[in-house]
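Structure at a glance
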Amino acid sequence: MSTSASVQSVSRSGSAFARRLAGSPALRLSGRRLLSAIPVLWGVTLLSFLMLNALPGDAASALLGINATPAEIRSFSIKLHLNEPLWTRYGHWLAGVLTGNLGTSLASPQSVASIIGQRLPVTLELVIYALIITFVVSVPLAVLCARWPRGVIDQSSLVLSMASISVAPYVLGLFLVILFAVHWSIFPAIGYTSLGASVAGNLHTMTLPSIVLAIPLIGFYTRFLRADLVEQMQSEDYVVTARAKGVSEWRILTRHALRNSFIGLLTVIGLNLATLIGATVIVEEIFSLPGIGFELLNAISNRDVPVVEGIVLVFGIAVVLANLATDLLYGVLDPRIRHVRARS
Amino acid sequence: MASATAAGDAAPPDVRLGPSPLLEVSDLRVTFHSRAGNVYAVQGISFSIEPGQTLAIIGESGSGKTVSAQAMMAILPRTAHVTGSIRFNGEEMVGRSERELRDYRGRCVAMVFQNPERSLNPTMRVGSQIAEAITTHLPLDRKQAHERAIELLRMVRIPAPERRFYEYPHQLSGGMRQRVVIAIALACGPAVLIADEATTALDVTTQAQIMDLLLDLQEETGTALLMISHDLGLAASYAEDVIVMYAGKVVERAPTKELFAGVRMPYTQALLDAIPRIDTQPHVLLPVIGGRPPDLSVIPAGCPFAPRCPEVQQDCRDQAPPLKQHEPERWWACWHPYRKGAGQ
Amino acid sequence: MSVPAADLLTTAPAQDVLGGVGAGPRVRSRLRNLEIIVPGALLVVLLFFCFIWPLLYHIPSPTVADLFEVNRPLWSPGHILGTDAVGYDVMSRILYGGRVSFEVAAAVQAIGLVVGGLFGMIAAYRGGWTEAVLMRILDVFIAFPSLVLVLAIADSLGPSETHVIWALSAFSIPAFARVARAATLRLRDQPFIVAARLSGTRTWRILLQHLAPNLAPQLLTFSLLGASLTIILEGALDFLGYGVPPPTATWGNMIATGQSFISVYPQYVLVPSVFLVATSICLNMMGDGLRARWGVR
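Residues numbered from 1 in each chain as written. Chains lettered and ligands numbered in written order. Predicted model: local features only at pLDDT ≥ 70, side-chain atom pairs only at ≥ 80, totals over all residues. Heavy atoms only, no water.

**Structural notes on the overall build of chain B**
Stated formally: Only DSSP runs of H or I reaching four residues or more are called helices, and only runs of E reaching two or more are called strands; each is numbered from the N terminus. In this description the radius of gyration comes from C-alpha coordinates, and the expected globular size is given by 2.2 Å times residues to the power 0.38. Summary of the burial criterion: residues with accessible area below 20% of their type's maximum are buried, those above 50% are exposed, and those between are partly exposed, where the area comes from a 1.4 Å probe applied to protein chains only. By definition, residues are in contact when any of their heavy atoms lie within 4.5 Å. Each accessible area is a Shrake-Rupley estimate made with a 1.4 Å probe; only the visible protein chains count as cover when residues are assessed. Residues scored as charged are limited to Lys and Arg (positive) and Asp and Glu (negative), so that His and the chain ends carry no count. Charge placement uses NZ in Lys and CZ in Arg. For Asp and Glu, CG and CD serve respectively.
What chain B contains, in helices and strands, is 12 helices and 12 strands. The C-alpha radius of gyration computed for chain B amounts to 21 Å, which stays within 12% of the reference 20 Å derived for 344 residues, consistent with globular compactness. Seen through its principal axes, chain B has C-alpha atoms that stretch 65 × 50 × 45 Å. Buried positions account for 54% of the 344 residues belonging to chain B. Contacts in chain B between residues far apart in sequence, at least 24 positions, make up 67% of those at least 6 positions apart. When the accessible surface of chain B is totalled, it reaches about 15100 Å², and 53% of it is carbon and sulfur. Taking the average place of the 34 positive charges on the side chains of chain B and the average place of its 38 negative ones, the gap between the two points comes to 4 Å.

Right, here's the structure in full:
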C-alpha cells in the first residue's frame, strides 16, 4: 500500500525519471539485499563488541593513565556503566542504535554521531579521490595494454603493476613524502585543510594521501581491466562482427569491449570497497589526516567502545551501500540485467 | 612439409565460371602456428564468385570452410598465416595493410555469423550497431545514419523498426537478432555477402524465413551470396553451385542440379546419405560417416578422406588426388569417383 | 594498504599476467618459466641467508648495539649495510627481520590453508544449513574491515610474534574459505566426487582424498599471493606499533624507527623497504606465474 502511494505521489510530481526508478526492479532487488544485510551488520557489531571486551585492558585504566588509583578507576567505571555485565551493555548499546542513538564517547563528552560526522567526510573524500585517480590512470592504461597485448606498453605496465601491488603503503607513503614534501616541497607531508575552508588547500593536502591509496589499486585494476579487455577482443563474437563491419581496433576497444569490461570491473570494485575503506586507516595515520581510520586507532587504544562500535557500524553500512550502488550501476551498464529483471 | 608442396603443385586449377569474377580465391592456404604444432586449416583452395551468384561451401566442422570465409573477410586472428591470393574486383587483398582492409571489410564483402546470441554487442542498442556499420564507411551524419538504419531494419522485415532501433539484442528473438546481423552486413551495400552457418543456431521455421530473406535481399541488392554450411540439404535448396570441402581442401565442385544427379566423390555421397529424407522409413538409423574427422596438424601423403572412404584403394593412400575438371562445370578430387547414377 | 589485492586476486582471471597473442608461443612459455624461476631462486637465496647463513658464519647480533659504531654508511668494513643510529648492524637486522617475516607469512598461510580450506570445503560440500551459517559468518568477516579486525586482535592479545600470527590468521582464514568454497562448488557435482559418494565413501575421506588434492594447486598459488600480503601486513602492524615489539628486528620496525632519520639517513628506511618490496614482488610473481601455468582461476 505505502509503496503504491509513494509511487503515485512521485508520478504526480511529474518526474518521469523518479517514477521509473521507484518501480524499477533494480531498486526492488536492492531492497531485498538491504534486508539480507541486516543480520550481517548485526554480526559485525556483535563481533567487535565481544572483541573489544576481550581486550585485557579496560577503558577506565586506559583513559585515566597508569597513575590512577583503584578507587578512581572504580568510580569512573561506575559512571560509564563499565561494571555492568557484558550483555547488558551490549543490549543498551543495541537499543540505542535502533533508536538512532550511537551513544557518547568515553574519552570525550562528544557524541559518537558527531565524531563520525566530523571524521567521515575526510575518509570519504580520500576514498573517492583515490578512486578517481585510479580510474583516470587505469582505464587509458588498460586500453593501451589491450591494444597491443604483450607489447612494450603491456610488458612495462605488467612490471609496474606487479611492483605497485607489492609495495607496502607505509613504504610508498614515506617515499612519496620524501620526494614531494621534503625534496620538492610540492605537497605538505602532513596536515589537513577541509574542503569547506579552501578547495585548493584541501586538494593540496589530500593529493599525496590519495595517490598512496590509489597506487596499489591502479596496479590491480589495470591488470584486471586489461585481462578482461584482451579476453573480450580475442573470444567475443560481437568483436568479430564489429571487425567485419570495418570498425577500427581502437574503436572496438573503446566503444564495444570497454563497456562490457566495465561491468566486470565494477563488480570487483564493489566487492573490494570494504577492504579499501579499511586501507584508509594506514594512509590517514601516515599523513595525520583526521579521518575515521585515524579516530579508530585512537579509540581502539583508548578502549573507547562506543566510538569503535560506531565506526565499525559505519564501515559495515558503507560496505552494504557500496554493494547496493554496484547493483544499481550494474543495471545502468548492463541492459540485460535491466530488462531481464523487469520481465521477471 | 614435402607433402605440402606436392599438394600445392597439384592445386590451382582455374575454376572460374563466368567472364568477370567478383571475388577470386586461388591457392588459399591458412596455417595456424601454435605451441602444440601447426594446424593446416586450409590447404590450397581456389574458386571464384560472380556478381549475383549463390555459391555454397559445404563441409563438416574442421573442413576449413569457416576459416576460408574468415580469410576472405580478413578477420582471422593474428596467429593465422595466410598465403595464396584473394582478389576482389581484380585487386589483391592478401597482405594489405590493416587500414586498407578496414575499408574493404563491410563495404566490399560482409558477413552474417553463425550465432546471433553472441554476434551482437549486448550492451549496445541494435540501432547504434547498425548505424556504426554505416558511419564507418559512408559520410553520413548521425541523423542520416539513423534514418538509413531504420530503413535497413525495415528491409530485413523487422516490424516497428523505429521502436526496435532503441532496443538491446537480448530483447529480440533469435530470428530477429539474425535479421539485425543481416542488416548490419547489408549496411553499406556489399558486393559479396558471406553467410557462415547463418541459420544453424535457429529453429527450422526461422531457418527457412531467414534463408528466404537472404535470397530476397540478394535479388533486391544484386549482391553475390556465399553460403557456408554443413548442411548439404540447405545448399541443395538455395545455392546454384556447391563446393564440398574436406580437411582444408576442395574435394568436389558442381552446379547443384548436376551434383544431385550424380555425385562423384565418395565423401559428398556420405554427406548426402546423412540427410534425413521424407521417404526414409521411420525408426531407421541414418548412416553416419565412420571414423574420425581428419587431423589437420599433419598433411597426409594420400587422399585425406582415405581412412574413412568406403571405396578406398592403395593409390588413394599413396598419393592425394588433385582437384581437376573432369566434365564441363564439374570438378572433383578422387581417384575412384562414382560413375553417373552409381552410388545412389 | 594494498589490502584489496587479497580479495581482488581471488576474482582475477588466470590469464591475467601471461595471456595474450603476439609473441610466439615458445617465447611465451619461456617467459612464463622465467617468471617462476627467477623470483623462486631469489627467494631461496634470501631464505638461505636468513635462516642458514647465521648458523654457519658469525654475524653481529641484531639486538646488541655497538655504541662506538653508529650511523656507519653502507659498505662499511664489518657492516656491509652499515649501522643505524643506535649502533645495530643493519645487515644482521635485515636477516633476522626476514626470519620474522617469513615465519609469520608461513604460519599465517598454513593456518589459513588448513582452517579456512576446511571451512570452505565443508560449507560448499555439505550445502544447506551448514553452508548458510558458515557463509553468514564469512559475510560478517568480509563486511568487517579486515584491518580493524587485525588491529583489534593484535591489540587485545598484546604485541608478540605469535599474536601477530593469530591476528593475521583472522584475515587469511576467511580468504582461504572463500576460495576453497568456490572451488569446491565447481567440483562437488563432478562425476568422480558423485561416484565416491555413491559408493559409500565417508564424507571426510571424500573431502581429504578426493577434493583436497584437486583444490591444492589453487590454494597453493593463493597462499603465495597471500604470503606477500601477510608480509606487508605484518610490517604494517609493526609500523603502527601493534606488531612485534622493538627491539626485536623486523622490517616493519626498521622502517618505523628509520622514519625519524629519513632526511639525514634515508638508507635506514630504504634498505628494509627494498627487501620488503622485493620479497613481496617475488612472491606475487611466483604466485601469478604458477597460476598461469596451472591454469587455475
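**Observations regarding the interface of chain B and chain A**
One frequent convention defines the size of an interface as the accessible area lost when the parts assemble. Just so we agree on the cut-off: Defined in terms of a 1.4 Å probe, buried area is the accessible area two parts forfeit on being brought together, summed over both. The term salt bridge refers to a pairing of a side-chain nitrogen on Lys or Arg with a carboxyl oxygen on Asp or Glu at a separation within 4 Å. What qualifies as a polar contact is a pair of N or O atoms within 3.5 Å, subject to a donor-acceptor requirement within protein and to the restriction that residues adjacent in sequence count only when both atoms come from side chains. Throughout, the ten residues Ala, Val, Leu, Ile, Met, Phe, Trp, Tyr, Cys and Pro are labelled nonpolar, Asp, Glu, Lys and Arg are labelled charged, and all others, Gly among them, are labelled polar.
Facing 24 residues of chain B, the contacting portion of chain A comprises 25 residues. At the boundary of chain B with chain A, total buried surface from both sides reaches about 2300 Å², with 54% on carbon and sulfur atoms. By the criterion of area lost to chain A, the three top residues of chain B are B:Arg118, B:Thr123 and B:Glu132, representing 26% of everything that side buries. On inspection of chain B and its partner chain A, the count reaches four salt bridges. Put simply, A:Asp237 and B:Arg118 hold a salt bridge, and the shortest N to O gap is 3.4 Å. Viewed at the interface, chain A and chain B are joined by 15 residue pairs in polar contact (both at pLDDT 80 or more). At five residues, the largest contribution of residues to the side of chain B that touches chain A is made by helix H4 (residues 126-137) of chain B. Tallied by class, the residues present in the side of chain B that touches chain A amount to nine nonpolar, 10 polar and five charged.

**Considerations on the sheet that holds strand S2 (residues 37-49) of chain B**
Residue and element names in this part refer to chain B. We apply this condition: Here the rule is simple: two strands pair whenever DSSP picks up at least two bridges between them.
Strand order in the open sheet formed by four strands is S2-S1-S4-S5, with antiparallel pairing between adjacent strands. The open sheet is flanked by S2 and strand S5 (91-92), the only strands paired with a single partner. Here strand S4 (residues 80-88) runs beside S5; their pairing, made up of two bridges, is antiparallel. Looking at S5, one finds that Arg87 is bridged to Glu92.

**Brief notes about the pairing of strand S6 (residues 109-112) of chain B**
All names here are of chain B. Burial of S6 is two-sided: the residues Val109 and Met111 facing one way and the residues Ala110 and Val112 facing the other way are all buried. With four bridges connecting them, S6 and strand S7 (residues 192-196) associate as parallel partners. Along S7, the bridge assignment pairs Met111 with Ile194.

**Here we look at the pattern of salt bridges**
Here the structure, examined in full by the defined rule, presents 29 salt bridges over all chains. Notably, a salt bridge pairs B:Asp103 with B:Arg107, separated by 3.4 Å at the nearest N-O pair. Given the relative accessible area of 34%, B:Arg107 is considered partly exposed. Here the salt bridges do not stand alone but share partners, grouping A:Asp154, A:Arg223 and A:Arg226 into one network.

**Comments concerning a nonpolar patch on the surface**
All names here are of chain C. Heads up, the rule is: Think of a patch as exposed residues, more than 30% relative accessible area, with no salt bridge, where like charges cluster within 9 Å and nonpolar side chains (Val, Leu, Ile, Met, Phe, Trp, Tyr) cluster within 5 Å.
A cluster of nonpolar residues, Val114, Val115, Leu118, Phe119, Ile122, Trp204 and Leu208, forms a patch on the protein surface that exposes about 610 Å² of accessible area. Tallying contributions element by element places helix H3 (residues 90-126) first for the nonpolar patch, with five residues. Relative to the assigned elements, Ile122 resides in helix H3.

**So, the sheet that holds S7(B)**
Residues and elements named next belong to chain B. Put simply, the test is: The convention used is that axes are lines fitted to C-alpha atoms, helices contributing only their stretch in contact, and that angles between N-to-C directions extend from 0 to 180 degrees.
The mixed open sheet is built from eight strands, whose spatial order is S6-S7-S8-S3-S9-S10-S12-S11. Each edge of the open sheet is held by one strand with a lone partner, namely S6 and strand S11 (324-327). This sheet shows a mean twist of 25° between the axes of neighbouring strands, independent of strand direction. In the sheet, strand S3 (residues 54-58) pairs with strand S9 (residues 241-246) via four bridges, with the strands oriented parallel. Residue pairing in the sheet places Ile58 in a bridge with Val244 of S9. In the packing of helix H2 (residues 65-73) onto the sheet, the strands contacted are S3, S6, S7, strand S8 (224-229) and S9, and the crossing angle to S8 comes to about 145°. Most of the contacts of helix H11 (residues 266-273) go to S9, to which it runs at about 105°, and overall it touches S3, S9 and strand S10 (249-255).

**Comments concerning the environment of B:Leu234**
Residue and element names in this part refer to chain B. Looking at the secondary structure, you find Leu234 in helix H9 (residues 232-238). For Leu234, a relative accessible area of 13% corresponds to the buried category. As for Leu234 and Arg142, which are separated by 92 residues in sequence, their C-alpha atoms are 39 Å apart. Among residues more than four places away in sequence, those in contact with Leu234 are Thr199, Met211, Met227 and Ser229.

**Some remarks on helix H8 (residues 204-221) of chain B**
For an α-helix, 3.6 residues make a turn, and residues three or four places apart therefore share a direction. Residues and elements named next belong to chain B. To be explicit about the condition: A helix's residues, less one, multiplied by 1.5 Å, set its expected span. By arc we mean the arc of the directions from the helix axis to the C-beta atoms, nothing more.
With 18 residues, H8 extends 25 Å between its outermost C-alpha atoms, agreeing within 8% with the 26 Å of an ideal straight helix rising 1.5 Å per residue. Regarding H8, the residues found buried are Thr206, Gln207, Ile210, Met211, Leu213, Leu214, Leu217 and Gln218. The arc that holds every buried residue of H8, seen down its axis, measures 160°, which confines them to one face. Structural note: H8 exposes Val204, Thr205 and Glu219 on the side pointing more than 90 degrees away from its buried face. The inward-facing, buried residues of H8 abut S3, helix H5 (142-155), helix H7 (174-186), S7, S8 and H9. Backbone geometry just downstream of H8 places Gly222 in the positive-phi region, at approximately 75°.

**Quick word on the packing of helix H8 (residues 203-240) of chain C against helix H9 (residues 251-258) of chain C**
Residues and elements named next belong to chain C. Keep this limit in mind: Orientation is classified from the angle alone, with under 35 degrees giving roughly parallel, over 145 giving roughly antiparallel, 65 to 115 giving roughly perpendicular, and any other angle giving oblique. For any pair of crossing helices, the crossing counts as left-handed if the nearer helix is rotated counterclockwise from the farther one by less than a right angle, and right-handed if it is rotated clockwise.
Packing of H8 against H9 brings their axes to within 7 Å, and their N-to-C directions diverge by 40°. In terms of orientation, H8 lies oblique with respect to H9. In this structure, H8 crosses over H9, and the sense of that crossing is right-handed. Here Gly235, Asp238 and Phe239 of H8 lie close against H9, whose contacting residues are Gly252, Asn253, Ile255 and Ala256. Residues belonging to the contact of H8 with H9 are distributed by class as follows: three nonpolar, three polar and one charged.

**Regarding the nonpolar core**
Soluble globular proteins: nonpolar side chains tend toward being buried together. The test is simple: Grouping buried Ala, Val, Leu, Ile, Met, Phe, Trp, Tyr and Cys residues that are joined through side-chain atoms within 4.5 Å yields what is termed a nonpolar core.
Counting 135 residues, the largest nonpolar core has A:Tyr170 and A:Leu229 as its most contacted members. Considering each element in turn, this core owes the most residues, 16 residues, to helix H12 (residues 249-287) of chain A. Apart from the residues lying within four places of it in its own chain, the contact partners of A:Leu229 are A:Ala142, A:Val143, A:Ala146, A:Leu253, A:Ala257, A:Leu258 and A:Ser261. Listed in part, the 108 residues of the second largest apolar core include B:Ala71, B:Ile86, B:Phe88 and B:Cys108.

**Some words on the packing of aromatic side chains**
As a reminder of what qualifies: A pair of Phe, Tyr and Trp rings is counted when the ring centres sit within 6.5 Å of each other, with Trp represented by its six-membered ring. The angle between the planes then sorts it: under 30 degrees is stacked, over 60 is edge-to-face, the rest tilted.
Counted according to the given criterion, the structure contains 21 aromatic pairs over all chains. Taken together, a centroid distance of 5.5 Å and an interplanar angle of 85° make the contact between A:Trp148 and A:Trp250 edge-to-face. With A:Trp148 in the loop between helix H7 (112-147) and helix H8 (152-166) and A:Trp250 in helix H12, this residue pair connects regions lying 102 residues apart in the sequence. Since its relative accessible area comes to 36%, A:Trp250 is described here as partly exposed. An aromatic cluster is present here, built from C:Phe48, C:Phe49, C:Trp53 and C:Tyr57 joined pairwise through their rings.

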